[in-house]
Amino acid sequence: MTAAPRVLDGPAAWPADEFTERLRAVTATRYHDRHPFNRRMHRGELSPAELRRWIAARFHYQRHIPVKDALILAKLDRPEERRAWLRRIHDQDGTDADSMGGGGIERWLRLGEAAGLAREELWNTSRVPPGVRFAVEGYVTFCRRRPLLDAVAASLTEMSAPDLMRTRIAAFERHYPWIDPAGLAYFRTRVTQGARDAEQALALVLARARTREQQQRAVAALEFKCEVLWALLDAVDRGSP
């Protein structure tokens, strides 16, 4: 009996537009804007204590964003790509010439102050719920160990960030007037930064995911990042350690 021929090639890669839609579908259905805690926040149902707990826990994530971006930066092999990605670290850490009052970390500290939290409280990691620390470390480790494509694809949650920031600004202004509006600068800045960063990351993913297997890995990486953000809110919703 003659053996059946072996199929060496897998399924064809999705066209770029279909691949993009599959990525967008992940954030459309699994982004953390759908988490019950975020929905309660946007309906104005959080107490001051709950809102402060979220701000403190989320700061632990914010302070690690430049770390994960540095890990991705080290994987990029083209100068123009490194220069573009380096801007993300400047956005978060700030620069001496920053005209926006410091980077994202500084703006988040000011949000905490506007909500009645001292900077020392935000920097005190002993107060961060274990579930938040676990989620953040999982994301940083993912970016450290996985290939460039996976690490960049995970950042594509930024595709949904601008809409979330707009919703959050409106919710804070309407439901939490006790927070100084100046403390919302982080959210306002991320409306434009998030759109720019998402466009950059999507271009990198589309250029590097050339096979169906690579595309599926990218989708899985984005799903993982959505799970990280969801797990972080789960930990916040359960309360302080």
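Residues numbered from 1 in each chain as written. Predicted model: local features only at pLDDT ≥ 70, side-chain atom pairs only at ≥ 80, totals over all residues. Heavy atoms only, no water.

Quick notes on the overall build of the chain
- Assigned secondary structure in the chain consists of 11 helices and zero strands.
- In the chain, the succession of helices and strands from N to C terminus is α-α-α-α-α-α-α-α-α-α-α.
- Taking 18 Å as the expected radius of gyration for a compact globule of 241 residues, we find that the chain reaches 19 Å, a close match to that expectation.
- Along the first, second and third principal axes, the C-alpha set of the chain runs to 80 × 40 × 30 Å.
- Going through the 241 residues of the chain one by one, you find that 48% of them count as buried.
- Of the contacts formed within the chain by residues at least 6 apart in sequence, a portion of 78% connects residues at least 24 apart. (Helix = DSSP H or I, 4+ residues; strand = E, 2+ residues; numbered from the N terminus. Rg over C-alpha atoms; globule rule 2.2 N^0.38 Å. Buried < 20%, exposed > 50% of the residue type's maximum accessible area, 1.4 Å probe, protein only. Contact = heavy atoms within 4.5 Å.)

Here we look at the pattern of salt bridges
- Per the counting criterion, the structure on display carries 24 salt bridges.
- Where Asp150 meets Arg146, a salt bridge forms, and the shortest distance between an N and an O atom there is 2.9 Å.
- What makes Asp150 buried here is its relative accessible area of 0%.
- Residue Asp163 pairs with Arg166 through a salt bridge whose shortest N-O separation is 2.9 Å. Taken together, the residues Asp163 and Arg166, both in helix H9 (residues 161–175) and three residues apart, mark about one turn of the helix.
- Assessed through its relative accessible area of 52%, Asp163 is described here as exposed.
- Within the structure, one salt-bridge network assembled from shared partners comprises Arg88, Asp91, Glu158, Arg190, Arg196 and Asp197. (Salt bridge = Lys/Arg side-chain N within 4 Å of Asp/Glu carboxyl O.)

As for the nonpolar core
- In this structure, Trp54 and Phe187 are the most contacted members of the largest nonpolar core, which totals 72 residues.
- Apart from the residues lying within four places of it in its own chain, the contact partners of Trp54 are Phe37, Met41, Trp108, Arg168, Phe172, Phe187, Leu233 and Val236. (Core = buried A, V, L, I, M, F, W, Y, C linked by side-chain atoms within 4.5 Å.)

Quick word on the packing of helix H4 (residues 79–93) against helix H5 (residues 104–114)
- The N-to-C vectors of H4 and H5 enclose an angle of 30 degrees; their axes lie 4 Å apart at closest approach. Put simply, H4 runs roughly parallel to H5. Here Asp91, Gln92 and Asp93 of H4 lie close against H5, whose contacting residues are Gly104, Ile105 and Arg107.
- Taken together, the residues of the contact of H4 with H5 break down into one nonpolar, two polar and three charged. (Axes fitted to C-alpha atoms, helices over the stretch in contact; angles between N-to-C directions. Parallel < 35°, antiparallel > 145°, perpendicular 65-115°, else oblique. Nonpolar A, V, L, I, M, F, W, Y, C, P; charged D, E, K, R; others polar.)

A look at H5
- Within H5, eight of the 11 residues are buried, which leaves the element mostly enclosed by the surrounding structure.
- Here H5 has its buried residues at Gly104, Ile105, Arg107, Trp108, Leu109, Leu111, Gly112 and Ala114.
- Of the surrounding elements, those touching the buried residues of H5 are helix H3 (48–73), H4, helix H6 (119–123) and helix H10 (185–208).
- Positive phi shows up at Gly116, right after H5, with a value of about 95 degrees.

Overview of the packing of aromatic side chains
- For the structure shown, the criterion picks out 12 aromatic pairs.
- Measuring from centroid to centroid gives 5.5 Å for Trp54 and Trp108, while their planes differ by 65 degrees, and the two rings are edge-to-face. With Trp54 in helix H3 and Trp108 in helix H5, this residue pair connects regions lying 54 residues apart in the sequence.
- Using a relative accessible area of 1% as the deciding quantity, one classes Trp108 as buried.
- Each ring, one from Tyr186 and one from Phe187, has its centre 6.1 Å from the other, and the planes form 80 degrees; the classification is edge-to-face.
- On the basis of relative accessibility, which here comes to 7%, the residue Tyr186 falls in the buried class.
- One aromatic cluster in this structure is built from Trp54, Trp108, Phe172, Tyr176, Tyr186 and Phe187.
- The ring centre of Trp85 lies 3.7 Å from the NZ or CZ of Arg88, which sits over that ring.
- Here the guanidinium or amino end of Arg168 rests over the ring plane of Phe187, the centre of that ring lying 5.7 Å away. (Phe/Tyr/Trp six-rings, centres within 6.5 Å; stacked < 30°, edge-to-face > 60°. Lys NZ or Arg CZ within 6 Å of the ring centre and 35° of its normal.)

Some points on the packing of H3 against H4
- Where H3 meets H4, the axes come as close as 9 Å, and the angle between the chain directions of the two elements is 165 degrees. On the basis of the axis angle, H3 is roughly antiparallel to H4. As H3 runs across H4, the sense of the crossing is left-handed. Seen from H3, the contacting residues are Gln62, Ile65, Pro66, Lys68, Asp69, Ala70, Ile72 and Leu73; seen from H4, they are Arg82, Trp85, Leu86, Arg88, Ile89, Gln92 and Asp93.
- Of the residues that constitute the contact of H3 with H4, the class distribution is eight nonpolar, two polar and five charged. (Left-handed = near helix turned anticlockwise from the far one by under 90°.)

These figures capture arrangement, not role.
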